[in-house]
Amino acid sequence: MFMAEKDKAFMAELKKFDREWKAAHGYDPKITKEQMRELGPKGKADRDKLYNEKLAKKKAYKLNSEQEETLRRGLALPRTAFLTSASLADLAEKEPVIFGAYAQFICRSTKSKGLERDEPYYYGDSRLDNGKNKVVTDGFIESVNAENGMRFSSWSDWRIIHLLDYVTAIIDLSVRKAAMHGYTKYTDEVRALGRTGMMFNMSGVLQGRGLKEDGSLDFSPTESINLEEALRAREDFPETAGLQCIAVSDESLRALLDSDFIDYVIPYHRSGLSKELRKIAGIEGWTDYEGEQNAKKIDKDKKNSKVERWHEEPVFSEFFVGYDTGMSGIEAMRASAQRYIDMCRERGMTPKFERFVDHPNYWKLLIDRKMVNQKTGELIRQKPVVPKFDFDLLRELVDKEVNNSNQQMREGALQYVLDHLSDIPKVIKELKEKGVSVSKVIKKAEEHEKKRKNSIMGGAGRGGVGREGWGKTDGAAEASRGLGEAI
């Protein structure tokens, strides 16, 4: 189907079929599948029928000779061509059609959002290319600074293994006077980098329909940042640490807008997450605001050359009223929100999340970082990052990570060995049933099982009870290795 979807002539015919089918069944030829679904059971049934007929046409698509040759090259590729980020990047460059087909297959099969490739960060990326051409231009720095800075930790989250990457990026960006903001569910990141000027969006996540029986916000104990720790970090870093939260229902959205400790709100949008995965995650009942998260054109066909940026949604740097207005932080943000609403309507658009424009804190739906200092009530002027690190805390975090990793490896290794040894009788029985001579196996198993029992009791194992208790499992590990050799 990938080849069919890349054939412009075929897709033009398919669009024509789509319009004619809708007209023949009593629909506006321009109606979308979402609009058909909203018409009720009949609309949804017709939408599914149309989808299946279009799918059948795609499956019946006949490849031309050039496409068949591309397919042959793809089938001849070794599996290693699809295993690593480096090999996929190479494939994308040399065989873009094959890479595109593979990426589409993976995304649709796994119902995932997209296939990403590594974009490694090298020291100097934010400065100069061989002292001549800037990889990141001054104009780009200026534009992102106006829109809350470089975005970090968006799809992934803080891990201590990335510490040097953060330090290097902050040093580089400080040279260019660039601002940064990022998302995290770990207050360790806030405390480790809180002095650099980077803005932190600590991520709160609600559960159920978002509210408890008493009407208070119901934070998830597993998916959300620890609320107590987040509020403490917000108090300690009032200029940089903000708490944002995902709204999962209209009721929870309004409660978040009302809350004085929630700095901004992100209404839930499924972004391609499949129904099956939403059910597994227990979020199938959440309200999906994906259709409301952008301003919409009131009349798509209408054109107005007299209005600058007609049908273009205003960005933050356009509607923000500025820092030096003499207004308090809340007043300035409410004025900015009204300006956004007015600009949308002037440009022939309805504002995003239009149902909530009358809420006094509607502005929390329009921003990407904390804007108001809860202690002073003033606007927060975002500044370029500076390489100011708490090295004592960084050392502490690194040591904690190393110790935790070692402990997890020890516990995991012990459990693996014990699980393996518990299957010995079953393995021997299966070998006997298959007619395999198992005399050596039985003898080795008996010897190593005896060693294992002695070692666990405290001393007959090869390592004894050694430092940190690890030695007491060595007899069991030896038994496992011996059994493997015997078999």
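Anyway, here's the lowdown on the structure attached to this text. No experiment lies behind these values; they were computed from the predicted model shown.

### Remarks on the overall build of the protein
Turning to step 1, where the next piece is worked out: For the protein, the count of helices and strands is 19 helices and eight strands.
Turning to step 2, where the next piece is worked out: Relative to its 487 residues, the protein shows a buried fraction of 38%.
Turning to step 3, where the next piece is worked out: Once local pairs closer than 6 in sequence are excluded, the contacts in the protein between residues at least 24 apart make up 63%.

### Quick word on the packing of aromatic side chains
Centre-to-centre distance and the angle between the planes together describe a pair of aromatic rings.
Turning to step 1, where the next piece is worked out: Going through the model one piece at a time under the given rule, you end up with 10 aromatic pairs.
Turning to step 2, where the next piece is worked out: With centroids separated by 4.7 Å and ring planes inclined at 45°, the aromatic side chains of F82 and Y102 adopt a geometry described as tilted. Taken as a pair, F82 in the loop between α5 (65-76) and α6 (85-94) and Y102 in helix α7 (residues 96-110) lie far apart in primary sequence, 20 residues in all.
Turning to step 3, where the next piece is worked out: Judged by centre distance (5.7 Å) and plane angle (80°), the ring pair of F316 and F319 falls under edge-to-face. In this pair, F316 and F319 both sit in helix α14 (residues 316-319), three residues apart, roughly one turn of the helix.
Turning to step 4, where the next piece is worked out: Overall, F316 belongs to the buried group, its relative accessible area being 7%.
Turning to step 5, where the next piece is worked out: What links up through ring pairs into an aromatic cluster is the set F316, F319, F320, Y323 and Y340.
Turning to step 6, where the next piece is worked out: The positively charged end of K57 is found above the aromatic ring belonging to F17, 4.6 Å away from the centroid.

### Side note on the pattern of salt bridges
For side chains of opposite charge, pairing can occur when their charged atoms come near one another.
Turning to step 1, where the next piece is worked out: A full pass over the atoms with the stated rule returns 24 salt bridges.
Turning to step 2, where the next piece is worked out: Between K352 and E313 there is a salt bridge whose closest N-O contact spans 3.8 Å. Of this pair, K352 sits in the loop between β8 (349-350) and α16 (391-421) while E313 is found in the loop between β7 (296-297) and α14, placing the two residues 39 residues apart along the sequence.
Turning to step 3, where the next piece is worked out: Here R381 ties to D324 by a salt bridge, and the two come within 3.1 Å at their closest N and O atoms. Here D324 lies in the loop between α14 and α15 (329-346) and R381 lies in the loop between β8 and α16, a separation of 57 residues in the sequence.
Turning to step 4, where the next piece is worked out: Residue classification places D324 among the exposed residues on the basis of a relative accessible area of 70%.
Turning to step 5, where the next piece is worked out: Each of D18, K22 and K54 takes part in a single network of salt bridges with overlapping partners.

### Focus: the pairing of strand β2 (residues 180-184)
Turning to step 1, where the next piece is worked out: A large share of β2 lies buried, amounting to five of its five residues.
Turning to step 2, where the next piece is worked out: The alternating pattern of β2 places M180, G182 and T184 and H181 and Y183 on opposite faces, both of which are buried.
Turning to step 3, where the next piece is worked out: Pairing of strand β1 (residues 150-152) with β2, which is carried by three bridges, proceeds in the parallel orientation. Residue pairing in the sheet places M150 in a bridge with M180 of β2.
Turning to step 4, where the next piece is worked out: Inspection of the sheet shows β2 paired to strand β3 (residues 199-211) by four bridges, in the parallel sense. Bridge assignment links Y183 to a residue of β3, and that residue is N201.

### Describing the layout of surface pockets
Turning to step 1, where the next piece is worked out: When its volume is computed, the largest pocket comes out at roughly 2500 Å³.
Turning to step 2, where the next piece is worked out: Considering the residues around the largest pocket, the lining is formed by 46 residues, among which K33, E34, R37, R47 and R270 are closest to the centre.
Turning to step 3, where the next piece is worked out: Of all the elements in the fold, those that place two or more residues in the lining of the largest pocket are α2 (8-24), α3 (33-37), α4 (41-59), α7, α13 (275-280) and β7.
Turning to step 4, where the next piece is worked out: Counting residues per element, the lining of the largest pocket draws most heavily on α4, which supplies eight residues.
Turning to step 5, where the next piece is worked out: Tallied by class, the residues present in the lining of the largest pocket amount to 11 nonpolar, six polar and 29 charged.
Turning to step 6, where the next piece is worked out: By volume, the second largest pocket amounts to about 1600 Å³.
Turning to step 7, where the next piece is worked out: Forming the walls of the second largest pocket are 49 residues, and the residues nearest its centre are R151, Y183, I246, I266 and H269.
Turning to step 8, where the next piece is worked out: Going through the elements one at a time, β2, β3, β5 (241-247), β6 (264-267) and α14 are the ones with two or more residues in the lining of the second largest pocket.

### What about α4?
Since the α-helix advances by 3.6 residues per turn, residues separated by three or four positions end up pointing in the same direction.
Turning to step 1, where the next piece is worked out: The first and last C-alpha atoms of α4 sit 27 Å apart over 19 residues, in line with the 27 Å expected at 1.5 Å per residue.
Turning to step 2, where the next piece is worked out: Within α4, burial applies to G43, D46, R47, L50 and K58. Looking straight down α4, one finds its buried side chains confined to an arc of 120°; they lie on one side. Facing away from the buried side of α4 by more than 90 degrees, the exposed set consists of P41, K42 and K59.
Turning to step 3, where the next piece is worked out: Looking at the buried side of α4, the elements it contacts are α1 (2-6), α2 and α3.

Rules behind the numbers
- Residues numbered from 1 in each chain as written.
- Predicted model: local features only at pLDDT ≥ 70, side-chain atom pairs only at ≥ 80, totals over all residues.
- Heavy atoms only, no water.
- Helix = DSSP H or I, 4+ residues; strand = E, 2+ residues; numbered from the N terminus.
- Buried < 20%, exposed > 50% of the residue type's maximum accessible area, 1.4 Å probe, protein only.
- Contact = heavy atoms within 4.5 Å.
- Phe/Tyr/Trp six-rings, centres within 6.5 Å; stacked < 30°, edge-to-face > 60°.
- Lys NZ or Arg CZ within 6 Å of the ring centre and 35° of its normal.
- Salt bridge = Lys/Arg side-chain N within 4 Å of Asp/Glu carboxyl O.
- Pairing = 2+ DSSP bridges.
- 1 Å grid on protein atoms, 1.4 Å probe; cavity = no way out; pocket = protein on both sides within 12 Å on 5 of 7 lines; lining within 4 Å.
- Points joined across faces, edges and corners; volume = space filled by probe spheres on them.
- Nonpolar A, V, L, I, M, F, W, Y, C, P; charged D, E, K, R; others polar.
- Expected span 1.5 Å × (residues − 1).
- Arc of directions from axis to C-beta.

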